[in-house]
Structure formats: C-alpha cells, structure tokens
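Close look at the chain arrangement
Here are the chains, one letter per residue:
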Amino acid sequence: MPATYCEVALPVPLRSLFSYAIPDRLAGLIFAGSRVLVPFRNRAMTGVVVEASSRRPDPERVKNIKEIVEVLDPIPALTPKLIELGRWVGGYYVAPPGEVFRAMLPPQIDLRHEREFLLTGAGRARRCELDAAGNRSEAEVAELALLSLMHIEDRPVRADRLRKLPGGEAAAERLLRRRQIEAREVTLHRRARVQNIVAWNSNVDAGSLGEKEARIYHVLAEERGPLPLPVLAKLSKVSRPLIERLIRQEKLKSWEEPLAAEDDLFEVDYTPPSNILNADQERALGEIRGWLDAGAFTVGLLYGVTGSGKTEVYLGAVEAALARNKTALILVPEIALTLWVGRLCRARLGAGVAVLHSALAEVERAREWWRVRRGEARVVVGTRSAVFAPVENLGLVVVDEEQEASYKQEETPRYHGRDVAIVRAKLEGAVALLGSATPSLESFHNARSGKYHLLQLESRVENRPLAPVEIVDLREDFRTTHRVGPLSSKLGEAIAACLEQGTQSLILINRRGYSWFVICRSCGAGIQCENCSISLTYHKQRDRLECHYCGFSRRVPKTCPKCRSEHVYFFGAGAEQLEEKLREKFSGARIARLDRDAVRTKRAYQQVLGDFASGKLDILVGTQMVAKGHDFQRVTLVGVVSADSQLSLPDFRAAERTFQLLTQVAGRAGRGALPGEVLVETYYPEHYAIQLAARQDYLAFFERELQFRRLLHYPPFTALASVLVRDTKIENAIRWSRQISAFLAPQESRGIKVLGPAAAPLARLKREYRFQFLLKASKRAHLTRVLPELLAFSAEKEIPEKAVLVDVDPLSLF
C-alpha cells in the first residue's frame, strides 16, 4: 500500500520534523530520502522526506495537515543508510534535523525562490486617492507609480522589478505596513543552461574552402570533433558571426546541449608517479585487503612519518575495494589537496572518480553529486562535507590527515567529518582508514588501547632521510641584527642559497593579511571590529582593515579614532607582508602566495600548485594549506615563520596543534632525490612542542601531552561539550546564562563537571555577546543524557533556540 503521509525535515532551526499528506497524484512517487517541495507558513520550501507511512499523524500533534506540492527528483536523493546517518548526526551533535539534512543534500540549482507583490482592496483605494491628489510628495509619487503598475498589469509583480522604479523598494515596504499590498514567496523552476554545439557538415566538399573555413574544418573534422561555439571560435581563431553565418549556410551543423564543465587542463597528459611499494607499505596494504575480504566494520590508523608513502597505500586500498565491487570515499582536509588527490585518482582509476568541495561552482558541485548518486562515479574525493556523498555499497572510507581541525564544522550541524566517517563505515559494514604522520591524541590513544588497528610506516620511501630541523631563536637574531621582521637573517641566507642552487623554498606563515592589527602609539588603543571583540587585520593590497570572523571592513584611518594622533602603527607580519619582503630581497625570484586571500577559485588553486610542482616558481609562501599532503620533489628548504603563534592561545590543544603543524610542514622538505633542511623561527625555543617537532618525535610528544590531558581531565580521558549562550543584548545573555547555570548545578553529582559560565574568549562575535559553559564527563552517556535535557529546559524557560549553541567534542574553545 503506497504511503499517504510523511515526515519532512525542513531547513529551519527547529528541533522537529513536519507532517505532510501525500496527494493521490504523487502516490507511489515519494519515499524516504526524496526531496520535496512543501508549503511552510507563507512560502514554499524544499525538504527531505525522512519517513513515509500510511498511518495518519496524531491529530493532537498535527491538526491541519497540508499536502506536498511536488517531488523534485525521479529517485530519492538520499539513500536509506544516509537517512540513518543523518538521524545519528542529529542525535549525537544535538542538531535540528532540518539543518542536518540540508548539509547532506546537493546544492539546489533547479529551483529559485522569489518574492512577489499583489494589490489589495485598500491598495486600489489608495491608488485612486493618490491619482486624484494635486501636489504629491516624492514618496507618494513612488507609491503611485508602484500601485499603477500593479493595477495596469493586474497580476503579481516580482520584487526584482521594484529596483527599476525610483524609490520602489522603500515604497513597497510602506505599502506592506499599511496592508495596501501583500507579499508572498513563490518557487520557480530554473531553466537548464544550455550551450550551442557545432560540428562540420560531412556533406560539404572540403576541397574549395577559404583560409578561415579551412581552419574551422581542421579543428572540427580532423582534430577535435564537435565543440561548443565559443571554444571553436577560440581554437580556430575566427569570429563568432562567421561561425553563425556558416551555420545558416548549412556548412556547419548546430544543436543545443546542457552546459558542461570545461576540460580540466591540469589533468591533460598527466602521468601519475609509479612507486614500487616497500615492505612496510605492502604489509599495511595486506592487512587492509584482509579487512575488506572479511566484509566487517573495521577502523585502522595508518601512522607513518612524513614522506612514508601513505597516499600509495590509500590508492592501493581503493583499488582493492573496487576489485571487490565496492565503492570508496577519500576525505582530505583542504581544497588544495582535493585537486592533487583527485588528479592522482583519475589518472590511476579512470573517469569514475568524482570530486566534491566548496570551491566548485554550485552547478558543477550538483552535477558531480548526482553522478555519484546515479552510480556513474564509484570513487569520491572531497573535503569534510563529502562524507555525506551518496555512494552505495561502500567498502572503504579514507580520512587523510585525520587530525586536522578543518574536519570539524563550525556551523550547525557542528559535526566532525572524521567521526561521522567512522560511524558511516560502521552503518555500511565498511573499512575506515585514518591516516597521519601526527595523529590526534584521541585517535592514537584508541589505537594504543586496541579500539583501532594500528598500521605503521616507519621509514620514508626509498629510505630517504627526514630533513634536519634547526630552531632559529629570534631573540638571538634581534640581538645580532637589531631588526624586527618576518624574515630572520638565517632564513634569508638559506633562501638565497636555494636560489643559487636552482632548488625551491616553501615558507609557512600561519597568518593571513599584511599585519595582525593596528595600534596607536600615543594612547595604545587598537582598532577593533564593530561587531566582534577582535582586532582588525590589515590587508595592504585592498588597503582595508578586515575582520576574519564576520567580514566587516573599513578604510585604514590616517589618525587614531580615539585620540586623533597620527602615530598609527601596524603590528605583526602576515603572509602578504612576508611575500612583499621576499620580493624586495630577492627581486629576480619567481614568488607566489597560497592563502584564502590570494586564491579563491579552483582554477587559481590549480594554477599556483601546478606552477610550483612544475618548477615555474622558486618560492611559495602560504598559510597552513601548504603544510600537509603535498609532494613537491624539488623543495629543499622549508621555513616556518612565527612558529609559536598558536602557543599563547587559551586552548588545551594549542601545543598539539603547534607540534602537528611544524612536523607536517617539515615533512615537505627533501621528498625527492635532493636532501632538504627546515628552519623554524620562534621566540620560545624551549617549549616542548617546538623541541619535539624539531626532532620529529611524535611518540615522545604523545606520551608527554597525554600526561597533561590525564591530570587536567581533558580528551581522550573525558567527553567534552561546549555550551554558548548568546544574544545581541548583554542583559539577555547574562539572564539566560544564570538560568542555565541553575539547571546545570545539580549535574555535578550526576557525573558531569561544569566550568562556567564565563565570558567566551571571543566575548562578542557578529554583534552577539557570548557566555560559555564547558561540560566534562567521564562517561559519554552522561553528556548524551544531559544535553537534550538542557535544550528542553531552555525551551521551557522560553530561551530562544538560536541563543543556546551546543558543540559536542569541540576542537576550539573560542
């Protein structure tokens, strides 16, 4: 019997599903996982069906059941396993179901939502009144123009047309308040974008062609075959009107096709490196093949020094999964790495590889997502959100650089991609393979305790030595040179030597912008964001001060806003300043920068990384996106500027992050036949994280850091949750914090340690005042119990849902 009712998750911050009736015309077309268009309040929304049944919902809970308007796809977008995974994510991370399933769905490119206005009876009367009036104000003229337009057309007017009327948008708002017009949301289908494809007409004699026609014939008939019209014009070096004239003369054939992505020029003629596996790699791969043969859920941690060939093990494991008629999912922490790993996979495994990440245009991302859903791609490479890729018959999930904080989503739903990947593997009976040279303490502790299987790669490929690391004490450098800047004398000399030898240098500075902040030397005041309690970062190229949290920006003041002094000072060096200093010092060198300010698109990433890999660049400056995963064969020098910048942060993971970043970036040196060296600049050379990173001794760092975590009751020995209370009015945030504090006080006797409330390290963010609780529990079940109770208490006290933000297993306490 076909389902007649269903529960739908809608992308709203409410912790409930919504019941809808399935009309007869859609009977048999709607299943769990289907995307549907439904009425919600005064607009249409896209949701996903979580459950469909023939049982009517409880009339006490749902009184007026509306019908589904439309089913959007011929097959359900989400598989049953993904629906189950979404329910787990919502429960574990205490997230609204609609927000969870929105994160799992592809970009919505087939629909657009618009606002339109309708004339009411009061509006018709107002039009007549204004039409009869003699002297009209400017506002009344605008209102009359809008009312007359709606009267003449006698149909709803779209909001975008109001912009063409002088004062139209303001007039519409006034008329809405007086109920002289009505507004409603409508949902429209977008037309699919198409392109003209051109081919040579084989019936045309090619013997008597002019010069330009001959070029077109050569491209279409001899070299490439049918092409999009703009591509043909470019390749044959002729004008568009000439091609259109030849189409009218029927010398060329033309038809329309859906717009497709351009060929990826960076994957043309690419040959992957052919590495012969060493004994450690063969041993690890043999274990993984055994897990795949067993067909049972298994978690393995592949721990190997930098340059030990973990990527080759991943690719071998993917090939083994495909050979067993399974699919595979590879997660990487940075967009830049998806380009590299995706290219490797396509060269090795063929066209059945899809790449998913946020730098893709929405149309391209949606197309790749649906390729996966239809089974056209059996391997998926992507960043955090690719954990929800709709692959079926999953056999292997790889999480490369599993320790990276970028796997943690900082917006609702606040899931951790690595942990969700493990749960997904468990639901599908697949193998989860985590890999890193510097595993998180939690993962390595799980491997040591037997919860995960530990696989080790103890030496580099071809037994290449690890690059020696030298610590540069910036205090001594200042005593010698009496200069302060991002480039020490030792690092400058090492770069000069590389340029002389014709090798490459990679310089890491984990700060964006030109200067960290701006301060007045007269009164000491810093220039802060208007919305956040954080200093603005100076970006010289744009000549703006910017907030990296909320996006606020302003011009650089010529005088101090507080005391009007002209002595405004720019403090601290970022990647932009370091690039400038390098260009000044090494004017003949070919230098590029890789950070979120310098590269914003997939093509820009590919251009910079491709140029550096092929030797077209001498020096690459970058933030942490250059620190991991890349395999640059000609890099012999790695320099780390401001290595200790994270150690001063009020976060129990600060030492771990510093150690991981330094060890990872050190591993970029000496990966080819040439030996490498690493220089680490710091004002705190005695710190154990820097000393052990210089020795690249992960096991010693693990043992020492584990002692601190055990003594202070932090993960992996406790379960952790952060609760933020926030509001634009500080009085509300304080009042609600006190209420929640009263609720949490009795929990101390029920296995939960409560720290707070206290002002968050970022006490104000995006105009909201923030107070923080930190909950520690020796058993995760205690947190699982108390967090839903806390949210129910907040609802009972009428604390807005958006005011209480719960982060389970937080990676940052900011």
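In case you missed it, the structure is sitting above this.
What this report covers is the structure whose coordinates are included nearby.

Re the pattern of salt bridges
Under the defined criterion, the tally for this structure stands at 47 salt bridges. Measuring nitrogen to oxygen at the nearest pair gives 2.6 Å for the salt bridge that ties Asp-293 to Arg-324. Residue Asp-293 is found in helix 9 (residues 279-294), and its partner Arg-324 is found in the loop between helix 10 (310-323) and strand 13 (327-331); the two are separated by 31 residues along the sequence.

What to know about the sheet that holds strand 32 (residues 768-777)
In spatial order, the strands read 31-32-30-33; together these four strands make up an open sheet with antiparallel pairing. Whereas interior strands pair on both sides, the edge strands pair on one side only; in this sheet they are strand 31 (752-765) and strand 33 (804-808). Between one strand axis and the next, the sheet turns by 20° as a mean value, whatever way the strands run. Pairing between strand 30 (residues 719-727) and strand 33: five bridges, direction antiparallel.

Quick look at the pairing of strand 4 (residues 43-53)
When you tally the buried positions in strand 4, you get eight out of eleven residues, the bulk of the element. Here strand 1 (residues 5-9) runs beside strand 4; their pairing, made up of five bridges, is antiparallel. Along strand 4, the bridge assignment pairs Ala-9 with Val-48. Here strand 3 (residues 35-40) pairs with strand 4 via six bridges, running antiparallel.

Regarding the nonpolar core
Core analysis: the largest hydrophobic core is formed by 118 residues, its most contacted members being Leu-78, Leu-594, Leu-775 and Leu-787. Ignoring any residue separated from it by four or fewer positions in sequence, one finds Leu-594 in contact with Val-599, Tyr-605, Val-608, Leu-609, Leu-620, Val-621, Gly-622, Thr-623, Met-625 and Val-626. Core analysis: the second largest hydrophobic core is formed by 32 residues, Ala-317, Val-332, Val-355 and Leu-396 among them.

Section: the environment of Leu-433
Residue position: Leu-433 is located in strand 17 (residues 431-436). In this structure the C-alpha to C-alpha distance between Leu-433 and Phe-586, which are 153 residues apart in sequence, comes to 43 Å. Beyond its immediate sequence surroundings of up to four residues, Leu-433 is in contact with Ile-288, Gly-300, Leu-302, Tyr-314, Leu-396, Val-397, Val-398, Val-399 and Leu-455.

A closer look at a nonpolar patch on the surface
A contiguous nonpolar patch, built from Phe-478, Val-484 and Tyr-683 and spanning about 330 Å² of accessible area, is present on the exposed surface. Checked against the element boundaries, Tyr-683 lands in the loop between strand 29 (677-682) and helix 20 (688-695). Owing to a relative accessible area of 45%, Tyr-683 belongs among the partly exposed residues under this scheme.

Section: the packing of helix 1 (residues 80-92) against helix 13 (residues 417-428)
Relative orientation of the contacting elements helix 1 and helix 13 amounts to 135°, with a least axis distance of 10 Å. Judged by the inter-axis angle, helix 1 sits oblique to helix 13. For the crossing formed where helix 1 meets helix 13, the hand is right-handed. Contact with helix 1, carried on its side by Lys-81, Leu-82, Glu-84, Leu-85, Trp-88 and Val-89, involves Val-420, Val-423, Arg-424, Leu-427 and Glu-428 of helix 13 and no other residues of that element.

Thresholds applied
- Residues numbered from 1 in each chain as written.
- Predicted model: local features only at pLDDT ≥ 70, side-chain atom pairs only at ≥ 80, totals over all residues.
- Heavy atoms only, no water.
- Salt bridge = Lys/Arg side-chain N within 4 Å of Asp/Glu carboxyl O.
- Helix = DSSP H or I, 4+ residues; strand = E, 2+ residues; numbered from the N terminus.
- Pairing = 2+ DSSP bridges.
- Axes fitted to C-alpha atoms, helices over the stretch in contact; angles between N-to-C directions.
- Buried < 20%, exposed > 50% of the residue type's maximum accessible area, 1.4 Å probe, protein only.
- Core = buried A, V, L, I, M, F, W, Y, C linked by side-chain atoms within 4.5 Å.
- Contact = heavy atoms within 4.5 Å.
- Patch = residues over 30% accessible without salt bridge, like charges linked within 9 Å, V, L, I, M, F, W, Y side chains within 5 Å.
- Areas by Shrake-Rupley, 256 points an atom, 1.4 Å probe, with all protein chains shown as cover.
- Parallel < 35°, antiparallel > 145°, perpendicular 65-115°, else oblique.
- Left-handed = near helix turned anticlockwise from the far one by under 90°.

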